[in-house]
Amino acid sequence: MTALCHFTLLTPAANAARSRAIAHTAPLFAEIEQYRKSNGHYPPTLVGLWQDYPLGVIGVPRYDYEPVGDTFQLSFRMGSTVFGAEEVVVYNPDDQHLSLSNDTDRIRWTVAEQRVRRTWVREFSGPAPHWKFFCFD
């Protein structure tokens, strides 16, 4: 019965929530690209008290933005359909996705080490180009 509920209810609901949050990035991406066009580079940060672009998904409060070399990553966290795991959904226009489990991983390890020291349990291709999602236990 648990497996039946998982595949008939939980997985489709998670897929719909993920797709909805991804779809809501369109206006944010347009502003990020406009900034790059006007300034010659991507924004250094989007940190602020209030989010101007809500994800439209209950339980997923915000997008996280970070510059990566000459480009950027946008991500959000949500519950995973894998028992006991958390999911991080990541957009990277250069398909150089990187998601880490600890905030200090980025300052303790070089980028090469971060890519080798994979801290996620599973990795999946996302429902749209340049999106992936990672499951952490």
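Here the residue numbers are simple positions, counted from 1 along each chain's written sequence. In keeping with the predicted nature of the model, local features appear solely for residues at pLDDT of at least 70, side-chain atom pairs appear and are counted solely at 80 or more, and the whole-chain, interface and lining totals rest on all residues. Here the side-chain values reflect all heavy atoms present in the structure, with hydrogen atoms and water set aside.

A. Here's a closer look at the overall build of the protein. Under the scheme used here, helices are H or I runs from DSSP no shorter than 4 residues and strands are E runs no shorter than 2 residues, and both carry numbers assigned from the N terminus. Of regular secondary structure, the protein possesses four helices and five strands. Tracing the protein from N to C terminus, the helices and strands come up as α-α-β-β-β-α-α-β-β. In this description the radius of gyration comes from C-alpha coordinates, and the expected globular size is given by 2.2 Å times residues to the power 0.38. Taken against the 2.2 N^0.38 rule, which gives 14 Å for 137 residues, the C-alpha radius of gyration of the protein at 16 Å falls within 12% of a compact globule. Each principal axis of the C-alpha distribution contributes one length, and for the protein these read about 55 × 35 × 30 Å. When each of the 137 residues of the protein is scored for burial, the buried share is 33%. What makes two residues a contact is simply this: any of their non-hydrogen atoms within 4.5 Å. The contacts of the protein with a sequence gap of at least 6 include a subset with a gap of at least 24, amounting to 45%. We get accessible surface area from the Shrake-Rupley algorithm with a probe of 1.4 Å; when it comes to residues, only the shown protein chains can shield them. By element, 57% of the accessible surface of the protein is carried by carbon and sulfur atoms, the whole surface being about 8700 Å². In this tally, Asp and Glu contribute negative charge and Lys and Arg positive charge; neither His nor the terminal groups of the chain are included. The atoms used to mark charge sites are NZ of Lys, CZ of Arg, CG of Asp and CD of Glu. Positive and negative side-chain charges of the protein, numbering 13 and 15 respectively, have mean locations separated by a distance of 3 Å. The buried label goes to any residue with under 20% of its type's maximum accessible area, the exposed label to any with over 50%, and the partly exposed label to all in between, with areas taken from a 1.4 Å probe on protein chains only.

B. A look at the environment of Met78. Following the sequence through the fold, Met78 ends up in strand S2 (residues 71–79). Given a relative accessible area of 7%, Met78 falls into the buried group. Each C-alpha atom, one on Met78 and one on Ala17, is 8.9 Å from the other, the two residues being 61 residues apart in sequence.

C. Here's a closer look at the confidence of the model for the protein. What pLDDT reports is the predictor's confidence in each residue, on a scale of 0 through 100. When pLDDT is averaged across the protein, the result is 85; 92% of the residues are at 70 or more. Mean pLDDT values for the elements of the protein range from 75 in helix H1 (residues 2–23) up to 96 in helix H2 (residues 26–39). The low-confidence segment residues 3–7, where pLDDT is below 50, has six contacts with residues more than four positions distant or belonging to other chains.

D. Molecular detail of the packing of aromatic side chains. Classification of ring pairs uses Phe, Tyr and Trp, with its six-membered ring standing for Trp, and accepts pairs whose centres are within 6.5 Å; under 30 degrees between planes counts as stacked, over 60 as edge-to-face, and the remaining range as tilted. Taken as a whole and assessed by the stated rule, the structure comprises ten aromatic pairs. Ring geometry for Tyr63 against Phe76: centres 6.1 Å apart, planes inclined by 80°, an arrangement best described as edge-to-face. A residue pair is termed long-range when its members are at least 10 positions apart, and Tyr63 in the loop between H2 and strand S1 (64–68) and Phe76 in strand S2 qualify at 13 residues. Given the relative accessible area of 4%, Tyr63 is considered buried. You can call Phe76 buried: its relative accessible area is 1%. Three or more aromatic residues link up through ring pairs in this structure, and these residues are Phe29, Tyr42, Tyr63, Tyr65, Phe72, Phe76, Tyr91 and Trp131. In this structure, Arg18 packs its charged tip against the face of Phe133, placed 3.8 Å from the ring centre. Ring-over charges, as used throughout, are those where CZ of Arg or NZ of Lys falls within 6 Å of the ring centre and within 35 degrees of the ring normal.

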